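The primary structure of each chain is shown beneath.
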Amino acid sequence: MPIHYKCRHCETEIGQLPFDSIDEQFLTKHEITPEEQHEYIVNGAEGEYTVQCICEECQNSLQTFPNYYALKKWIQ
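First things first, this report covers the structure right here in the doc. Just so you know, these numbers come straight off a predicted model, no measurement behind them.

## Some details on the overall build of the chain
Right, on to step 1. Summing up its helical and strand segments, the chain has 3 helices and 4 strands in all.
Right, on to step 2. Ordering the α and β elements of the chain from the N terminus gives β-β-α-α-β-β-α.
Right, on to step 3. For the chain, the proportion of its 76 residues judged to be buried stands at 18%.
Right, on to step 4. Taking as baseline every contact in the chain between residues at least 6 positions apart, the subset at least 24 positions apart corresponds to 41%.
Right, on to step 5. Carbon and sulfur atoms make up 50% of the accessible area of the chain, which amounts to about 5900 Å² in all.

## Topic: unusual backbone geometry
For residues besides glycine, phi is generally negative; the peptide bonds are generally trans as well.
Right, on to step 1. The backbone phi angle of Glu11 is positive, close to 65 degrees, even though this residue is not glycine.
Right, on to step 2. By the secondary structure assignment, Glu11 is in the loop between β1 (3-7) and β2 (13-17).

## Remarks on the environment of Lys73
Right, on to step 1. Position of Lys73 relative to the elements: it lies in the segment after α3 (56-64).
Right, on to step 2. A relative accessible area of 44% means that Lys73 is categorised as partly exposed.
Right, on to step 3. Sequence separation between Lys73 and Arg8 is 65 residues, and the spatial gap between their C-alpha atoms is 9.3 Å.
Right, on to step 4. Sequence-distant contacts of Lys73, defined by excluding residues within four places in its chain, comprise His9 and Glu11.

## Let's talk about the sheet that holds strand β3 (residues 41-43)
Right, on to step 1. Within the open sheet, the 4 strands sit side by side as β2-β1-β4-β3. Their pairing is mixed. Bordering the open sheet on either side are β2 and β3, each of which pairs with just one other strand. The average undirected angle you get between the axes of adjacent strands in this sheet is 25 degrees.
Right, on to step 2. By the bridge criterion, 3 bridges tie β3 to strand β4 (residues 49-53) in an arrangement that is antiparallel. Looking across to β4, one finds that Val42 is bridged to Thr50.

How each quantity is defined
Residues numbered from 1 in each chain as written. Predicted model: local features only at pLDDT ≥ 70, side-chain atom pairs only at ≥ 80, totals over all residues. Heavy atoms only, no water. Helix = DSSP H or I, 4+ residues; strand = E, 2+ residues; numbered from the N terminus. Buried < 20%, exposed > 50% of the residue type's maximum accessible area, 1.4 Å probe, protein only. Contact = heavy atoms within 4.5 Å. Areas by Shrake-Rupley, 256 points an atom, 1.4 Å probe, with all protein chains shown as cover. Pairing = 2+ DSSP bridges. Axes fitted to C-alpha atoms, helices over the stretch in contact; angles between N-to-C directions.

Here you go:
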């Protein structure tokens, strides 16, 4: 199953990688700490992985309106 990359704000799928699992090599290559793994990598019910990141549009919105950083969920 591929690893999906999804925007954590607007939930748009950004892309996917054709890996079977997230292994130590994947985590080392991306320099993800255990705390970041817990916060940004979601294990699905059927064994798939979703990496929560940010899309360009949400990044641009946050740069334009930096007060959005204070909100837990700013897209309704």
